[in-house]
Amino acid sequence: MEDGARKPKQDAANLDMIVTPWEVKGVIDYDRLIKDFGTQPIDEAILSRMKNLAGGLHFMLRRGFFFSHRDFDLILERCEKGAPWALYTGRGPSGQTTLGHVSPWIFTKYLQDVFNIDLYFQLTDDEKFLYQRELSLQDVEKLTYENALDVLAIGFDPKKTHLISDIRMSRDMRELSLEVAKRVTFSTVRAVFGFTNETNIGMIYHPAVQAAPCFLPSRIAKMDVPTLIPCAIDQDPYWRIARDVAPRMGYHKPSGVYCKFFPGLGEGGKMSSSEPETAIYTTDDPNVARRKVMNAYTGGRPTIEEQRRLGANPDVCTVFWSLYFLFEPDDEKIQDLRESCKAGEILCGECKTNLAEKVVTFLEEHQKRREQAKKIVESTFI
Ligand code: TYM
């Protein structure tokens, strides 16, 4: 198995940091995650190749939101040669979609637009049914539909976007997941995911199902079509399994490009669908979203007088990071904001209002596109 693949998830130095596909907690040390997971940092060489290919760099790359990868360079090499490849990403439908989920999808859409390629999008309704006791099969199927509307509302090319519901899995998906499952032992998934005797057997099989779309484009096209998976780094354990079995199945190892966690609006922590007051859902009423933003945790001082005198701290401010990672792509504006925040020239109320306006505009447009997506959503499932 690859470097880092079987490392225990925690040691004494990072006891407060937990990053698994099901749980993210504590202060995240991304350099440490790169070491522990055995991934690569996105370095200058990758950025300059990407810049040449795309004619510029997306702000999520420029600002290090996408910070790590596995074999992204092999995909860039294919782009340079004009060889085929495909995008693969997904969502576990456990609730409504948040801005956290949307952030890697926006980058995925950018890659689809730049390279004009197919996207395979998996909805792991099986995983969420198996993992969350309170969810019935009907619940997860309904959420699959709801989340699929969000995927299409992002603006992916519907002709080049193929949604997969695991519950309604195709013959190709079924056969691929069996081929993976046959090559992965319980001892491997236990080491990678920390499964125990109490884990239900569906969850133990699930890594094979999540690995299957890595190979689906090649199987459908009957030729080499390796995949690039844009996602947050929490999903990397799945790709270690997929990469391990790939050569034995006669496929390329999937590549990954990983982002950090988009913050929730509370003090510390990622935006998470299980924390409704600090998460913004794509289905939130814009006025509710505005209220959440106006209650956000900032790096401000207790009084206006102190803030004017001493300045505030953008580094711990959820409003600043929401703008930095998602809502303010203009580098000059974000730099001005950082400086005027530190100098006490701008107060938190003004900044929150600015973010709230952007969030409301995003939600209004997204919700319109979500409605339109209802007409085509069924035809995009494979
Ligand atoms: P899920 O539903 O937990 O997450 C969906 C996608 O959103 C990313 N993500 C975040 N990214 C930035 N900031 C956050 N706060 C944040 N929260 C979640 C996740 O990394 C993921 O990219 N098992 C998967 C579904 C899946 C999948 C895939 C995901 C199947 N195949 C391929 C990515 C790639 C899941 O439950 O994702």
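The rules behind each value
- Residues numbered from 1 in each chain as written.
- Predicted model: local features only at pLDDT ≥ 70, side-chain atom pairs only at ≥ 80, totals over all residues.
- Heavy atoms only, no water.
- Helix = DSSP H or I, 4+ residues; strand = E, 2+ residues; numbered from the N terminus.
- Rg over C-alpha atoms; globule rule 2.2 N^0.38 Å.
- Contact = heavy atoms within 4.5 Å.
- Areas by Shrake-Rupley, 256 points an atom, 1.4 Å probe, with all protein chains shown as cover.
- Lys, Arg positive; Asp, Glu negative; His and termini not counted.
- Charge placed at Lys NZ, Arg CZ, Asp CG, Glu CD.
- Near = heavy atom within 4 Å.
- Polar contact = N/O pair within 3.5 Å; in protein donor to acceptor, adjacent residues only side chain to side chain.
- Buried < 20%, exposed > 50% of the residue type's maximum accessible area, 1.4 Å probe, protein only.
- Right-handed = clockwise from strand over helix to strand, strands pointing away.
- Pairing = 2+ DSSP bridges.

Asks: I tried to follow the overall build of the protein chain on my own but got confused; where do I start?
Replies: Helices and strands together make up the secondary structure of the protein chain, namely 17 helices and nine strands. The C-alpha radius of gyration of the protein chain comes to 21 Å, within 12% of the 21 Å expected for a compact globule of 382 residues. Considering only residue pairs separated by 6 or more positions, the protein chain has 77% of its internal contacts joining residues 24 or more positions apart. When the accessible surface of the protein chain is summed, it comes to about 17000 Å², and 51% of that surface belongs to carbon and sulfur atoms. Side chains of the protein chain carry 50 positive and 55 negative charges; the gap between the two charge centres is 3 Å.

Asks: What should I look at first to understand the site of the ligand in this one?
Replies: Within the structure, the ligand sits among 25 residues, and Arg91, Gly92, Glu127, Asp234 and Phe262 are positioned closest to it. Note that an oxygen atom of the ligand is positioned 2.7 Å from one of the side-chain N or O atoms of Arg91. Compared with its free state, where it exposes 680 Å², the ligand has 98% of that area covered by protein. The set of elements that each furnish at least two residues to the shell around the ligand consists of strand S5 (86-91), helix H5 (99-115), helix H6 (125-131) and strand S8 (227-232).

Asks: Quick question: what am I supposed to make of the environment of Thr89 here?
Replies: For Thr89, the position within the fold is in strand S5. Leaving out residues up to four positions away in the same chain, Thr89 has contacts with Trp105, Thr108, Leu119, Tyr120, Phe121, Gln122, Pro230 and Cys231. Within the structure, Thr89 has its side chain in polar contact with the backbone oxygen of Pro230 (distance 2.8 Å).

Asks: How should I be thinking about the pairing of strand S6 (residues 119-123) in this particular structure?
Replies: Within a regular strand, side chains alternate between the sheet's two faces. Within S6, five of the five residues are buried, which leaves it mostly tucked inside the rest of the structure. For the segment spanning S5, H5 and S6, crossover handedness is right-handed. Of the strand pairs in this sheet, S6 and strand S7 (residues 161-165) are connected by five bridges, and their pairing is parallel. Looking at the pairing, Phe121 lines up with Leu163 of S7.

Asks: Teacher, can you tell me more about the sheet that holds S7 here?
Replies: Strand-to-strand pairing in sheets goes through backbone hydrogen bonds, with the strands running parallel or antiparallel. Strand order in the open sheet formed by seven strands is S3-S4-S9-S8-S5-S6-S7, and the pairing between neighbours is mixed. In this open sheet, the two edge strands, each paired with only one partner strand, are strand S3 (40-41) and S7. Across two bridges, S3 lies against strand S4 (residues 66-70) in antiparallel orientation. Note that in S4 the partner of Pro41 across the bridge is Ser68.

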